[in-house]
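One-letter residues, chain by chain:
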Amino acid sequence: MSEPDREWRRVDGASPPEIAELQSILPFDPPVEYLELLRYSNGGEGELSLEPLWFQLFDIAFAIQLWRDENYRREYPDLFFFGSNGGLESITFDMSNFKPWPIVMVDCIAGLDSAGRISSSIEEFIQRIGFRTDQEG
């Protein structure tokens, strides 16, 4: 993420106690790459060279809040929300599949039927953060 060609509005990274809190409330092990991203920047935003073209990383506190929200758990039982496009679309892990979990975008107003895969893994997704699409120059 600190490569000179990337454009990312970084914030302070998550502390070890914040990472530990996230891990303690989740009934699954989050991908190592996701935890490393949080250690680098616990929140932040920037270009994304795939749909939805902009990515806002949720900080740990907000990701935990969404995970604990009964409505989200009921409506989206196999999704873990970790970001958005700054608008209506949320970025999630689709845990209905085996690891590496694909990354899906979902419009929470439209519901689960709007979910669509945008990346095959968090590793592939992170490689696209901070870069413009080819169409934008």
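Further up the page is the structure itself.
Let me sum up the structure you'll find in this document. (Residues numbered from 1 in each chain as written. Predicted model: local features only at pLDDT ≥ 70, side-chain atom pairs only at ≥ 80, totals over all residues. Heavy atoms only, no water.)

1. Some words on the environment of F131
With respect to the element layout, F131 can be found in the segment after α5 (122-127). Here F131 falls in the partly exposed class, since its relative accessible area comes to 22%. Separated by 82 residues in sequence, F131 and S49 have C-alpha atoms that sit 5.3 Å apart. (Helix = DSSP H or I, 4+ residues; strand = E, 2+ residues; numbered from the N terminus. Buried < 20%, exposed > 50% of the residue type's maximum accessible area, 1.4 Å probe, protein only.)

2. Here's the deal with the environment of E3
Here E3 is to be found in the segment before β1 (8-9). A sequence separation of ten residues divides E3 from G13, and the C-alpha atoms of the two residues are 16 Å apart.

3. A few points about the nonpolar core
Of all hydrophobic cores here, the largest spans 33 residues; its most connected members are Y34, F80, F82 and F125. Among the elements of the structure, α1 (16-25), α2 (32-40), β3 (54-57), α3 (60-68), β4 (79-84), β5 (89-94), β6 (103-107) and α5 are those that each provide at least two residues to this core. Beyond its immediate sequence surroundings of up to four residues, F82 is in contact with Y34, F55, Q56, L57, F58, I91, T92, F93, I103, I122 and F125. The next biggest cluster of nonpolar side chains, apart from the first, holds seven residues, and it includes F58, L66, Y76 and F81. (Core = buried A, V, L, I, M, F, W, Y, C linked by side-chain atoms within 4.5 Å. Contact = heavy atoms within 4.5 Å.)

4. Some points on the environment of C108
By the secondary structure assignment, C108 is in the loop between β6 and β7 (116-119). Judged by relative accessible area, which is 25%, C108 ranks as partly exposed. A sequence separation of 19 residues divides C108 from E89, and the C-alpha atoms of the two residues are 6.8 Å apart. With near-sequence residues (within four places) excluded, C108 lies in contact with Y72, Y76, F81, L88 and S90.

5. Some details on the side chain of R73
By the secondary structure assignment, R73 is in helix α4 (residues 70-75). An unpaired buried charge is present at R73: no salt bridge exists, and D78, the closest side chain of opposite charge, is 6.5 Å distant. A distance of 2.9 Å separates a polar side-chain atom of R73 from the backbone oxygen of P77. Within the structure, R73 has its side chain in polar contact with the backbone oxygen of L79 (distance 3.5 Å). Sequence-distant contacts of R73, that is, excluding residues within four places in its chain, are made with W67, D78 and L79. (Lys, Arg positive; Asp, Glu negative; His and termini not counted. Salt bridge = Lys/Arg side-chain N within 4 Å of Asp/Glu carboxyl O. Polar contact = N/O pair within 3.5 Å; in protein donor to acceptor, adjacent residues only side chain to side chain.)

6. Details of the packing of α1 against α3
Running from N to C, α1 and α3 point in directions that differ by 15°, and their axes come no closer than 10 Å. The angle between α1 and α3 falls in the class roughly parallel. The two elements α1 and α3 meet at a crossing, and its hand is left-handed. Note on element contacts: α3 touches α1 through I60, I64, W67 and R68, opposite E18, I19, E21, L22 and I25. Residues belonging to the contact of α1 with α3 are distributed by class as follows: six nonpolar, no polar and three charged. (Axes fitted to C-alpha atoms, helices over the stretch in contact; angles between N-to-C directions. Parallel < 35°, antiparallel > 145°, perpendicular 65-115°, else oblique. Left-handed = near helix turned anticlockwise from the far one by under 90°. Nonpolar A, V, L, I, M, F, W, Y, C, P; charged D, E, K, R; others polar.)

7. Examining the sheet that holds strand β2 (residues 45-47)
In a beta sheet, neighbouring strands are held together by backbone hydrogen bonds and run either parallel or antiparallel to one another. Across the sheet, which stays open at both edges, the seven strands sit in the order β1-β2-β3-β4-β5-β6-β7 with antiparallel pairing between neighbours. Looking at the sheet topology across the chains shown, the edges are occupied by β1 and β7. Of the strand pairs in this sheet, β2 and β3 are connected by three bridges, and their pairing is antiparallel. By the bridge assignment for β3, E47 is matched with W54. Contacts between α2 and the sheet are confined to β1, β3, β4 and β5, with β3 contributing the most and set at about 80° to the helix. (Pairing = 2+ DSSP bridges.)

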